Amino acid sequence: MEDKKVTKRTDRSTRPSFSEEDLRYLGTEIGMLAGIPVRLLTNDHVDFYYSVIHLPADPMTLHMEEILSVPGPVGYYTTEDFYYYGIVRFESRRMVIGPTRQVPDTDQNLRRLAFRLGLADRGEIEELIGGMKSIIRLPIMNLVQMLLPVCFILTGQRLSLMDLTISGSEQDALSTELRTKEADRFFDDSDETGGPAQKAANADSSQPEETQHNSYGQEQLMLRMIRQGDMVSLRAWMDRAPAIRPGSMAPNQLRQQKNTFVTTATIVSRAAIEGGVPVEEAFQLSDAYIRKAELLPDPDRIMNLQYHMVLDFCDRVRILQGGGQPTPLVLKVHAYILQHLSEPVTTEDIADALFMSRSYVSRCFRKEAGVTLQQYIRDKKIEEAKRLLRYTDKPVTSISVYLGYSSPGHLSRVFRESTGKTPVEYRRDKAQSLSNPPAG
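This write-up is about the structure you can find in this document. (Residues numbered from 1 in each chain as written. Predicted model: local features only at pLDDT ≥ 70, side-chain atom pairs only at ≥ 80, totals over all residues. Heavy atoms only, no water.)

**So, the nonpolar core**
Then, number 1: Among the nonpolar cores identified, the biggest contains 39 residues, and Val 74, Val 88, Met 95, Ile 97, Leu 128, Met 132 and Val 150 are the most heavily contacted of them.
Then, number 2: Sort the elements by how many residues they give to this core and helix 5 (residues 140–155) lands first, with 8 residues.
Then, number 3: Apart from the residues lying within four places of it in its own chain, the contact partners of Ile 97 are Ile 30, Ala 34, Ile 36, Pro 37, Val 38, Arg 39, Tyr 84, Tyr 85, Gly 86, Leu 143, Met 146 and Leu 147.
Then, number 4: Counting 31 residues, the second largest nonpolar core, distinct from the first, contains Tyr 336, Tyr 376, Leu 403 and Val 414. (Core = buried A, V, L, I, M, F, W, Y, C linked by side-chain atoms within 4.5 Å. Buried < 20%, exposed > 50% of the residue type's maximum accessible area, 1.4 Å probe, protein only. Helix = DSSP H or I, 4+ residues; strand = E, 2+ residues; numbered from the N terminus. Contact = heavy atoms within 4.5 Å.)

Here's what the structure looks like:
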């Protein structure tokens, strides 16, 4: 009996051409049905935008480069904040629908989004927060599945979710391959075929042993440094670390390096959590690094990014611990401040969140952290202000709004009390130090 196969691709030479009016009609109807913003792009230019939800700025502009690089007729992009964009490519154009999210977002994340979009007006910030919360939430696969018939209409290609993920036959083949290798290793270890003794005799062979891993001891040493926030030792170790063979995880060097990167991101993020970094912060940072690595075209750049990622996680632990292991109370207070960085954080707010009295949490925190709670709150906000002044070009007005200060003057006064400089002076000095590094 002849096998029946489902046609995944259909050449439709008779497919009608679509006018701009047709495409905009299609985009409008999809946007109305989904409750998610829809755009039509030609190259990197947005020709059409429709949304039932008003947003004062389009979040997609922050991810244009990454979205344009998504291959295939249908694909998706996930941001560092776990928002999804679905993409359909046809001819020289794209239809992009998003952002959407499977679970509700926090006000803190949305205020951060508003800051990155350059919104400084408090009314617009609140409008963005309300608008983003009103967008219909969808799992990523539902979003992609919704775009499959759109792809068929525009390109004539009949695709399914199986075409975008590993197919059943490929999964079966992979399982068979793994089980075969497992059986081969079992028989290779037996006495009849020259097991451990034979392997020892062949240890100096030029043929690499695929299953040999020498990474565990070195890996544990690195993770311990991260958990302790020991930047000095970690830098020294990484400069002279022996070569680590992580095992073969892919058929080519580029994919192997990316898979190694994902593994490293997973274990170092867990080590950072054990060192006191809040879970959500660690996972979001890990995901952001992984997405960046997936877009890099060569192994050397991925290795360089991995080096900086490991140091970044360790440095975050170092800053949090301040030279010592924080207590559970300090960790909870730190996590609360980070989650409400865009709001005026008070002792009462923290006490309510931790189900403690104001006096008790103040007294215990000062004893365990060595500083008052108000001083700690101020220091964390100033640390974030320094980072934004140094690594972004956002105006002081936007930074003051984002950090929950009543005015730019309020931020300037607190900043100067803490650093001896105004925000403008701090940014200028840091810019000059970067352009004129010290000799030697």
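From this point on, the discussion continues.
**Some details on the pattern of salt bridges**
Then, number 1: All chains considered together, the criterion is met by 17 salt bridges.
Then, number 2: As a salt-bridge pair, Glu 126 and Arg 111 come within 3.0 Å of each other at their nearest N and O atoms. Of this pair, Glu 126 sits in helix 4 (residues 122–134) while Arg 111 sits in helix 3 (residues 107–116), placing them 15 residues apart in sequence.
Then, number 3: According to the relative accessible area criterion, Glu 126 is partly exposed, its value standing at 41%.
Then, number 4: A salt bridge links Asp 315 to Arg 318; the shortest N-O distance between them is 2.7 Å. A residue pair is termed a helical-turn pair when its members lie 3 or 4 positions apart in one helix, as Asp 315 and Arg 318 do in helix 13 (residues 299–321) at 3 residues.
Then, number 5: The class of Arg 318 is partly exposed, set by a relative accessible area of 38%.
Then, number 6: One network of salt bridges, with partners in common, ties together Glu 20, Arg 24, Asp 47 and Arg 93. (Salt bridge = Lys/Arg side-chain N within 4 Å of Asp/Glu carboxyl O.)

**Quick look at the packing of aromatic side chains**
Then, number 1: Under the criterion given, the structure shown has 3 aromatic pairs.
Then, number 2: Centre to centre, the rings of Phe 365 and Tyr 376 are 5.1 Å apart; their planes meet at 70°, and the pair counts as edge-to-face. Here Phe 365 is found in helix 16 (residues 358–369), whereas its partner Tyr 376 is found in helix 17 (residues 373–391), with 11 residues between them in sequence.
Then, number 3: Taking the relative accessible area as the measure of exposure, Phe 365 reaches 0% and is therefore buried.
Then, number 4: Between the NZ or CZ atom of Arg 101 and the centre of the ring of Tyr 83, over which it lies, the distance is 5.3 Å.
Then, number 5: Residue placement shows Lys 394 over the ring face of Phe 115; its charged tip is 5.9 Å from the ring centre. (Phe/Tyr/Trp six-rings, centres within 6.5 Å; stacked < 30°, edge-to-face > 60°. Lys NZ or Arg CZ within 6 Å of the ring centre and 35° of its normal.)

**Things to note about the packing of helix 11 (residues 253–274) against helix 12 (residues 279–295)**
Two measures define how a pair of helices packs: the angle their axes make with one another and the distance between the axes.
Then, number 1: Relative to each other, helix 11 and helix 12 sit at 170°, their axes nearing to 9 Å. On the basis of their axis angle, the class for helix 11 and helix 12 is roughly antiparallel. Between helix 11 and helix 12 the crossing geometry is right-handed. Touching Arg 255, Lys 258, Phe 261, Val 262, Ala 265, Thr 266, Ser 269, Arg 270 and Ile 273 of helix 11 are Val 279, Ala 282, Phe 283, Ser 286, Tyr 289, Ile 290, Ala 293 and Glu 294, all from helix 12.
Then, number 2: Residue classes in the contact of helix 11 with helix 12 are distributed as 10 nonpolar, 3 polar and 4 charged. (Axes fitted to C-alpha atoms, helices over the stretch in contact; angles between N-to-C directions. Parallel < 35°, antiparallel > 145°, perpendicular 65-115°, else oblique. Left-handed = near helix turned anticlockwise from the far one by under 90°. Nonpolar A, V, L, I, M, F, W, Y, C, P; charged D, E, K, R; others polar.)

**Examining the packing of helix 3 against helix 4**
Then, number 1: The interhelical angle for the contact between helix 3 and helix 4, taken along N-to-C directions, is 120°, at an axis separation of 9 Å. Overall, the two elements helix 3 and helix 4 adopt an arrangement that is oblique. For the element pair helix 3 and helix 4, the recorded crossing hand is right-handed. Taken together, the residues of helix 4 that come into contact with helix 3 (itself represented by Asp 107, Leu 110, Arg 111, Leu 113 and Ala 114) are Ile 125, Glu 126, Leu 128, Ile 129, Met 132 and Lys 133.
Then, number 2: Partitioned by chemical class, the residues of the contact of helix 3 with helix 4 number 7 nonpolar, no polar and 4 charged.

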